[in-house]
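Architecture at a glance
Below, each chain spelled out in residue letters.
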Amino acid sequence: MTRKNTDSLRDALRLPLGEPVGLRGYDARATPGAPGGKQASLADTARMGKRLAVLQERLWAAGTAGDRRRLLLVLQGMDTSGKGGTVKHVIGQLNPSGCRIKAFKAPTEEEREHDFLWRVRRALPEPGEIGIFDRSHYEDVLIARVRHLAPPAAIGSRYGLINDFERSLTEDGVTVVKCFLHLSHEEQKRRLLRRLDRPDKHWKFSPDDIEERALWPAYQEAYELALEHCATPHAPWYLVPADRKWYRNWAVSRLLLEHLRTLDPHYPEGDFDVAECRRRLLKQP
């Protein structure tokens, strides 16, 4: 599927609401909205990093004065699609004091004793923070579906529960930015082979990755259902082509920038007499 460039990357990458999603129709090497090739986009990403840092500080400062708004970035994608790389190259430009990063793994014994959203609620950003989920509550309609970890009826009910959950977040001041990092089957194989070729990347590889890759069609179907059923006006999905790492980082940076600009947080005004405090300081030796 071809999508034209637009001034708003949100418009360019947002998946349509209420329509079936066919991932084969989206080019994982596409670069919609990019300011140019790799070098131009890398330079623009660096410039955006500075603007993001300023907006993040303003959001963090506003939160200290009672502004309940915050932002939650949800990163989903197949293995090697770059969830961790996005955190490193995009979120790494921000002040860690105002960020809350959570990488969701297989549920612990304690987490399995609660409903599937329990551990997610515990990881949500506080007012003023930017939260980042490396995988998320969507694992419970993705791997749970592919690996038959729950009855089909239970998995089917989770789409509605997720939509209700995300609606409650937005009503409480959370801006939800959900990015599906769209990787091609061929590029995933290349990245896994590179991990095998580099001893310093072996820690990122598991023989189980080969078994998971064999389930690619089932995972694609699971993603298509999640993207269709859980794209809503208050929490849409953005499909980010991820075969080109430089574009992936640029696009996620741009999406964050557009959402933070819309929030337009401001530094809170001081609740003290500035002139009087200045006079007192100047009197001190």
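The coordinates are above.
A short tour of the structure in this document, coming up. Computed from a predicted structure; not experimentally measured.

Focus on the overall build of the protein chain
- When helices and strands are tallied, the protein chain shows twelve helices and five strands.
- C-alpha extents for the protein chain along the principal axes are approximately 75 × 45 × 40 Å.
- Taken across its 285 residues, the protein chain has 48% of its residues classed as buried.
- Pairs at least 24 residues apart make up 81% of the contacts formed inside the protein chain by residues separated by at least 6 positions.
- Of the roughly 14800 Å² of accessible surface on the protein chain, a fraction of 52% belongs to carbon and sulfur atoms.
- If you average the places of the 47 positive and of the 40 negative side-chain charges in the protein chain, the two averages end up 6 Å apart.

Points about the nonpolar core
- If you look at the biggest cluster of nonpolar residues, it comprises 39 residues, and the most contacted ones within it are Phe-133, Tyr-138, Val-141 and Trp-237.
- Elements supplying a minimum of two residues to this core: strand E1 (70-77), helix H6 (143-146), helix H7 (152-171), strand E4 (174-182), helix H10 (216-229) and strand E5 (237-241).
- The element best represented in this core is H10, accounting for six residues.
- The residues touching Val-141, leaving out its near neighbours within four places in the chain, are Ile-155, Arg-158, Tyr-159, Ile-162, Ala-222 and Ala-226.
- Judged by nonpolar contacts, the second largest core, of 34 residues, contains Leu-9, Tyr-238, Tyr-247 and Val-252.

Digging into the sheet that holds strand E3 (residues 130-134)
- Here five strands make up an open sheet; going across it, the order is E2-E3-E1-E4-E5 and the pairing parallel. With partners counted over all chains shown, the strands left at the sheet margins are strand E2 (99-103) and E5, one partner each. The average angle at which neighbouring strand axes cross in this sheet is 20 degrees, direction not considered.
- Bridge count for E4 against E5 is five bridges, and the pairing is parallel. Bridge pairing links Cys-179 to Tyr-238 in E5.

Examining the environment of Lys-88
- Here Lys-88 lies in helix H3 (residues 83-89).
- Residues Lys-88 and Asn-249 lie 161 residues apart in sequence; the distance between their C-alpha atoms is 9.6 Å.

Focus: the side chain of Gln-220
- If you trace the backbone, Gln-220 turns up in helix H10.
- Judged by relative accessible area, Gln-220 falls into the buried class, the value being 12%.
- Residues within four places of Gln-220 in sequence aside, it is in contact with Leu-23 and Met-78.

As for the side chain of Asp-243
- Relative to the assigned elements, Asp-243 resides in the loop between E5 and helix H11 (245-263).
- We note that Asp-243 is buried and unpaired, the nearest opposite charge coming from Arg-29 at a distance of 4.8 Å.
- Within polar-contact distance, the side chain of Asp-243 engages the side chain of Ser-184 at 2.7 Å.
- What Asp-243 contacts, discounting residues up to four positions off in sequence, is Ala-28, Arg-29, His-182, Leu-183, Ser-184, Glu-187 and Arg-191.

Observations regarding the environment of Lys-283
- With respect to the secondary-structure elements, Lys-283 resides in helix H12 (residues 274-283).
- Given the relative accessible area of 63%, Lys-283 is considered exposed.
- On a C-alpha basis, the gap between Lys-283 and Ser-8 in space is 52 Å, while along the polypeptide they are 275 residues apart.

Describing unusual backbone geometry
- The residue His-148 is not glycine, and still its phi comes out positive at about 55 degrees.
- Structurally, His-148 can be placed in the loop between H6 and H7.
- Judged by its relative accessible area of 68%, His-148 is exposed.
- For Asp-264, which is not glycine, the phi torsion reads 50 degrees and is therefore positive.
- For Asp-264, a relative accessible area of 35% corresponds to the partly exposed category.

Quick notes on the packing of aromatic side chains
- Summed over the entire model, instances satisfying the criterion amount to five aromatic pairs.
- For the ring pair Tyr-138 and Trp-237, a centre distance of 4.9 Å and an interplane angle of 65 degrees mean the geometry is edge-to-face. Note that Tyr-138 is positioned in the loop between E3 and H6 and Trp-237 in strand E5, a separation of 99 residues in sequence.
- Classification of Tyr-138 as buried rests on a relative accessible area of 1%.
- Overall, the relative accessible area of 1% leaves Trp-237 in the buried class.

Rules used throughout
Residues numbered from 1 in each chain as written. Predicted model: local features only at pLDDT ≥ 70, side-chain atom pairs only at ≥ 80, totals over all residues. Heavy atoms only, no water. Helix = DSSP H or I, 4+ residues; strand = E, 2+ residues; numbered from the N terminus. Buried < 20%, exposed > 50% of the residue type's maximum accessible area, 1.4 Å probe, protein only. Contact = heavy atoms within 4.5 Å. Areas by Shrake-Rupley, 256 points an atom, 1.4 Å probe, with all protein chains shown as cover. Lys, Arg positive; Asp, Glu negative; His and termini not counted. Charge placed at Lys NZ, Arg CZ, Asp CG, Glu CD. Core = buried A, V, L, I, M, F, W, Y, C linked by side-chain atoms within 4.5 Å. Pairing = 2+ DSSP bridges. Axes fitted to C-alpha atoms, helices over the stretch in contact; angles between N-to-C directions. Salt bridge = Lys/Arg side-chain N within 4 Å of Asp/Glu carboxyl O. Polar contact = N/O pair within 3.5 Å; in protein donor to acceptor, adjacent residues only side chain to side chain. Phe/Tyr/Trp six-rings, centres within 6.5 Å; stacked < 30°, edge-to-face > 60°.

Read these as spatial facts, not as claims about activity.
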